[in-house]
Number of protein chains: 2
Amino acid sequence: MIVLGIDPGLATVGYGILEQSGGTMRAVAYDCIRTSGKGKETGERLEEIFCGIDALISTYHPSWIAVEKLFFSRNVTSAMAVSEVRGVILLAAQRHHVPVREYTPNQIKMAVTGSGKADKRQMQEMIRRLLKLPAIPKPDDVADGLSIALCHLHVLREP
Amino acid sequence: MIVLGIDPGLATVGYGILEQSGGTMRAVAYDCIRTSGKGKETGERLEEIFCGIDALISTYHPSWIAVEKLFFSRNVTSAMAVSEVRGVILLAAQRHHVPVREYTPNQIKMAVTGSGKADKRQMQEMIRRLLKLPAIPKPDDVADGLSIALCHLHVLREP
């Protein structure tokens, strides 16, 4: 089974694609979609993200898409910009009939490290270890994308 | 020139299409796109809205799309849901290469009534009068869609 995990943002959308087969989990691909704000309207950047996610779904045929759920406590302006990005991601998933699940940062930390108090560095180190990666993926958004996919696989395995 | 004004919302997207020709302004169409939350994921509702806006652009070929800009002070959960809707509206506009302009509730009130303090009822009555409509359009979101389109035409006329 393939899961696409997505960490949404207007400038950087981190993603991680994990495959679970029997007892084995492996990272199939992980990277980010970057959009530049220079001389571009928001609509252009949203279209780049939509096309990027659309291409990932067409290439990897995920059974699930897992997306980070926003914190209410965050900066409202930034929350609104990220929500616009979430809108086009949910649309891309829907167009391919791929079900979406959402997880809070706390659920993701719990799934990856067993603690809701883990810091970013600890999360990244666990992701590197669990997925047997040669190094911690950069930028942070990529590791976040992988964490979200891993969280969903963890939830699916729970009784 | 045709302007499509949109009042975004997950359950109801109000819209108004105005045509300005010489000194005359007329309402070409005004209605709303409704999506039901019953047994539906957000992605399905966003897709319905995307397809609805896409169809409006294909039918009426607007030169501009005007959308209400969100208040920061509003409820954050609702602001995030409306932002997801805005995301797919901006995407639909971009796919058709129609430029988008955004206006705050205050700018819209100023354009329609000459005062930022106008209440909803006064706004609706002015919309009915200015566009020579037989009655105030219902629900409120439809009158809001028309107000936003009217605001953009007003801004274009200003020296």
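Residues numbered from 1 in each chain as written. Chains lettered and ligands numbered in written order. Predicted model: local features only at pLDDT ≥ 70, side-chain atom pairs only at ≥ 80, totals over all residues. Heavy atoms only, no water.

(A) Local environment of the overall build of chain A. A count of helices and strands for chain A gives five helices and five strands. Secondary structure elements of chain A, listed N to C terminal, follow the sequence β-β-β-α-β-α-β-α-α-α. Taking 159 residues into account, the globule formula puts the C-alpha radius of gyration at 15 Å, and chain A, at 15 Å, falls close to it. With respect to the three principal axes, the spread of C-alpha positions in chain A is 45 × 30 × 30 Å. Across the 159 residues that make up chain A, the buried fraction comes to 52%. Counting contacts in chain A only where the partners sit at least 6 residues apart, residues at least 24 apart contribute 61% of the total. Averaged over its 19 positive side-chain charges, chain A has a centre that lies 6 Å from the centre of its 17 negative ones. (Helix = DSSP H or I, 4+ residues; strand = E, 2+ residues; numbered from the N terminus. Rg over C-alpha atoms; globule rule 2.2 N^0.38 Å. Buried < 20%, exposed > 50% of the residue type's maximum accessible area, 1.4 Å probe, protein only. Contact = heavy atoms within 4.5 Å. Lys, Arg positive; Asp, Glu negative; His and termini not counted. Charge placed at Lys NZ, Arg CZ, Asp CG, Glu CD.)

(B) Structural view of the sheet that holds strand S1 (residues 2-7) of chain A. All names here are of chain A. Here five strands make up an open sheet; going across it, the order is S3-S2-S1-S4-S5 and the pairing mixed. A single partner strand is all that each edge strand has here, and the edge strands are strand S3 (24-34) and strand S5 (100-103). Direction aside, the axes of adjacent strands within the sheet are offset by 20° on average. Bridge count for strand S4 (residues 64-68) against S5 is four bridges, and the pairing is parallel. Pairing of Glu-68 across the sheet is with Tyr-103, part of S5. The strands touched by helix H5 (residues 140-157) within the sheet are S1, strand S2 (12-21), S3, S4 and S5, with S2 carrying the most contacts at an inclination of about 35°. (Pairing = 2+ DSSP bridges. Axes fitted to C-alpha atoms, helices over the stretch in contact; angles between N-to-C directions.)

(C) Here's a closer look at the state of the cysteines. Summed over all chains, the structure comprises zero disulfides over all chains. The cysteine Cys-51 of chain A is free of any disulfide, with Cys-51 of chain B supplying the nearest cysteine sulfur at 15 Å. Classification of Cys-51 of chain A by relative accessible area gives partly exposed; the value is 35%. (Disulfide = S-S within 2.5 Å.)

(D) Region of the structure containing the relation of the copies chain A and chain B. When chain A is fitted to chain B, the best match, at an RMSD of 0.0 Å, comes from turning it 180° and sliding it 0.0 Å along the axis. The relationship between the two copies is best expressed as a two-fold rotation axis. Among all residues of chain A, the minimum C-alpha distance to the rotation axis is found for Glu-84 of chain A, at 2.2 Å. Comparing contact sets, 100% of the residues at the interface of chain A also lie at the interface in chain B, consistent with an isologous, same-surface contact. (Least-squares fit on C-alpha atoms with pLDDT ≥ 70 in both.)

(E) Focus on the sheet that holds strand S3 (residues 24-34) of chain B. All names here are of chain B. Spatial ordering of the open sheet is given by S3-S2-S1-S4-S5, a layout of five strands whose pairing is mixed. If you trace the sheet from one side to the other, it starts and ends with S3 and strand S5 (100-103), each paired once. With strand direction ignored, the average angle separating the axes of adjacent strands in the sheet is 20°. Examined bridge by bridge, strand S1 (residues 2-7) and strand S4 (residues 64-68) share four bridges and lie parallel to one another. Note that in S4 the partner of Gly-5 across the bridge is Ala-66. Packing of helix H2 (residues 76-95) onto the sheet brings it into contact with S1, strand S2 (12-21), S4 and S5, and relative to S4 it is tilted by some 175°.

(F) Just the side chain of Glu-47 of chain A, in detail. With respect to the secondary-structure elements, Glu-47 of chain A resides in helix H1 (residues 42-60). Taking relative accessible area as the criterion, Glu-47 of chain A reaches 19% and is therefore assigned buried. Contact partners of Glu-47 of chain A, with chain neighbours within four places excluded, come to Leu-91, Gln-94 and Arg-95 of chain B.

(G) The confidence of the model for chain A, seen in detail. Mean pLDDT over chain A stands at 93; residues scoring 70 or higher make up 97%. Predicted complex metrics record ipTM = 0.88 and pTM = 0.92. (pLDDT = per-residue confidence, 0-100.)

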